[in-house]
Amino acid sequence: MSYLPVKIAVIGGSGLYNLDGLELVAEVNPDTPWGKPSDAITIARTQSGLHVAFLARHGRGHYLTPSEVPARANIAALKSIGVEAIIAYSAVGSLRDELKPRDFVLPTQVIDRTKGIRPSTFFEDGIVAHAMFADPFSAVLENVIWEQRHVMEGGDFHRNKTLICMEGPQFSTRAESHMYRSFGADLINMSVLPEAKLAREAEIAYQMICMSTDYDCWKEHEVAVTVEAVVANLKANSSNAQRLLAAILPGVEKVVENGQVLEGLKGSMRFACMTAPEKRSKEAVQKLEFILPGYYTA
Ligand SMILES: CSC[C@H]1O[C@H](OP(=O)(O)O)[C@H](O)[C@@H]1O
Ligand SMILES: Nc1ncnc2[nH]cnc12
């Protein structure tokens, strides 16, 4: 398999189920210790010969709810083919006037409002680790993406915003939407967690690109968000998403190849482990070999 390792991956969310304009090279569907990913992972080649992996978060055809997305298998499967950097797209609601539907936003912070029903760590059942998560996204990837903001057609680009992740699948009530604004959240989705946490545990650099589709339901005199409104804006957003991806790939390749993207990340999980070597469960260590080989065996 001459295309391995594939160091760059794209996770597509609602409305983004494949990559346009790239030559399809292979499809892989690895078994991981945490099960199968959402769908087969496609490997594509760019005109410059760069290999990129693509995974549809909800599966192609959108059959997994945000709570059902097998995030551990998704991240483990990507790591197993060599991924070091993930660009994750997400359709989000806007909690601020200035973040208009069809604008793109790079979040820097996350607030967790999921309900604890999503498996959210690789470290359990006899091995304990606490990953740093103060800055949930990759500043290196964020800069690469921001530099290409000029390729957007018909929408503004913003950075340094806070994304709140709710459980769903129902949208928020108006009271909740107001409360999230009072928390300081600027955007809302149902997908960034545990995906970003698991990427951190797997030592993969991760940046989400948020595509605003609606104003949720905090605007008193406007209609509340519906799937119909989200889908209409998603269609408009998807051409900007594809254009932006084509523009950022060379820069992403550069920071992957020069090692910048993994600075501060590579090796971090060795020191995050609390469990004494003799107390580590053999089964748990064995599973972790899939994503962090050699880290906990010694
Ligand atoms: C279709 S609206 C709600 C749905 O859209 C977002 O999905 P994704 O992040 O995968 O683009 C949001 O998180 C919800 O899952
Ligand atoms: N208003 C909203 N709430 C949660 N997730 C969303 N994804 C898109 N719009 C959303």
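See the structure printed just above.
Residues numbered from 1 in each chain as written. Chains lettered and ligands numbered in written order. Predicted model: local features only at pLDDT ≥ 70, side-chain atom pairs only at ≥ 80, totals over all residues. Heavy atoms only, no water.

Colleague: In this structure, what is going on with the overall build of the protein? I would like to understand it.
Modeller: Along the backbone of the protein there are seven helices and nine strands. In terms of overall size, the protein behaves like a compact globule, its C-alpha atoms giving a radius of gyration of 19 Å where 298 residues would be expected to give roughly 19 Å. Taking the principal axes of the C-alpha coordinates as reference, the protein spans close to 60 × 45 × 35 Å. Long-range contacts, defined as pairs at least 24 residues apart, comprise 80% of the intrachain contacts of the protein with a sequence gap of at least 6. Just so you have it, the protein exposes about 13,100 Å², and 52% of that area is on carbon and sulfur atoms. (Helix = DSSP H or I, 4+ residues; strand = E, 2+ residues; numbered from the N terminus. Rg over C-alpha atoms; globule rule 2.2 N^0.38 Å. Contact = heavy atoms within 4.5 Å. Areas by Shrake-Rupley, 256 points an atom, 1.4 Å probe, with all protein chains shown as cover.)

Colleague: Explanation requested: the pairing of strand S3 (residues 41–45) in the structure shown.
Modeller: With four of its five residues buried, S3 lies for the most part within the structure. With five bridges connecting them, strand S2 (residues 23–28) and S3 associate as antiparallel partners. Its bridge partner being in S3, leucine 24 is matched across the sheet by alanine 44. Counting the residues between successive antiparallel strands, the hairpin from S3 to strand S4 (residues 51–56) contains five residues, one of them, glycine 49, with a positive phi of roughly 95 degrees. (Buried < 20%, exposed > 50% of the residue type's maximum accessible area, 1.4 Å probe, protein only. Pairing = 2+ DSSP bridges.)

Colleague: What is the right way to read the side chain of glutamine 207 from this model?
Modeller: Note on placement: glutamine 207 falls in strand S9 (residues 205–214). At a separation of 3.2 Å, a polar atom in the side chain of glutamine 207 contacts the main-chain carbonyl oxygen of proline 107. Not counting residues within four places of it along the chain, the set of residues in contact with glutamine 207 comprises Ile86, Ile87, Ala88, Leu106, Pro107, Phe137, Ser138, Leu141, Glu142 and Ile145. (Polar contact = N/O pair within 3.5 Å; in protein donor to acceptor, adjacent residues only side chain to side chain.)

Colleague: What should I look at first to understand the site of ligand 2 in this one?
Modeller: Around ligand 2, the neighbouring residues are Ala91, Val92, Gly93, Met166, Phe171, Ile188, Asn189, Met190, Thr213, Asp214, Asp216 and Val225. With respect to ligand 2, the side chain of aspartate 214 contributes an N or O atom lying 2.7 Å from a nitrogen atom. Aspartate 216 places a side-chain nitrogen or oxygen 2.8 Å from a nitrogen atom of ligand 2. In isolation ligand 2 has 260 Å² of accessible area, and contact with the protein removes 94% of it. Those elements that provide at least two residues to the shell around ligand 2 are strand S5 (85–94), strand S8 (187–189) and S9. For the shell around ligand 2, the leading source of residues is S5, giving three residues. (Near = heavy atom within 4 Å.)

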